[in-house]
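Analysis of the macromolecular model
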Amino acid sequence: FRRVLFRSRNIKREFVDESAWLPLEDSSEGLVVMSPDPERLRSSRIVNNIFPKAKIAYRVTTLREFAATVDQFFGAISDMGSVND
């Protein structure tokens, strides 16, 4: 999770909410990306444009589960504190 957190630190919550996908982790399969509509993402190639060297492993989820995961993800980032801490 920390590796993806580092790689995706420039992804803004607004972008995640609008584009409906979130990188979850680097695994042996590649970069695991969660989305309610992974087929739309594959055809748009937006994930490949942002992570051009990564092998992408898509995971489908419900809208409710996606929203809860986004809340948890961005809560975890804000809980890490600032550089000055």
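Rules used throughout
Residues numbered from 1 in each chain as written. Predicted model: local features only at pLDDT ≥ 70, side-chain atom pairs only at ≥ 80, totals over all residues. Heavy atoms only, no water. Helix = DSSP H or I, 4+ residues; strand = E, 2+ residues; numbered from the N terminus. Buried < 20%, exposed > 50% of the residue type's maximum accessible area, 1.4 Å probe, protein only. Contact = heavy atoms within 4.5 Å. pLDDT = per-residue confidence, 0-100. Salt bridge = Lys/Arg side-chain N within 4 Å of Asp/Glu carboxyl O. Core = buried A, V, L, I, M, F, W, Y, C linked by side-chain atoms within 4.5 Å.

**A word on the overall build of the chain**
Summing up its helical and strand segments, the chain has 5 helices and 3 strands in all. Walking the chain from its N terminus toward its C terminus, one meets helices and strands in the order α-α-β-β-α-α-β-α. Classification of the 85 residues of the chain by burial places 36% in the buried group. Look at the contacts in the chain between residues 6 or more apart in sequence, and 56% of them connect residues 24 or more apart.

**A closer look at the confidence of the model for the chain**
Taken over all residues, the pLDDT of the chain has a mean of 82, while the share at 70 or more is 78%. For the chain, per-element mean pLDDT is lowest for helix 1 (residues 2-7), which scores 47, and highest for strand 3 (residues 56-60), which scores 96. Note that pLDDT drops below 50 for residues 79-85; the model gives that stretch 2 contacts with residues more than four away or on any other chain.

**Considerations on the pattern of salt bridges**
A full pass over the atoms with the stated rule returns 4 salt bridges. In this structure, the salt-bridge partner of Asp 17 is Arg 13, at a minimum N-O distance of 3.6 Å. Here Asp 17 pairs with Arg 13, and both are found in helix 2 (residues 13-19), just 4 residues apart, close to one helical turn. Sharing partners across several salt bridges, the network here consists of Arg 13, Asp 17 and Asp 71.

**Quick look at the nonpolar core**
Judged by nonpolar contacts, the single largest core of 18 residues is most densely connected at Val 16, Trp 21, Val 33, Val 47, Phe 51, Ile 56 and Phe 66. Secondary-structure elements contributing two or more residues to this core are strand 2 (30-35), strand 3 and helix 5 (63-79). By residue number, the principal contributor to this core is helix 5, which donates 4 residues. Ignoring any residue separated from it by four or fewer positions in sequence, one finds Val 16 in contact with Ile 11, Trp 21, Leu 22, Phe 66, Val 70 and Phe 74.

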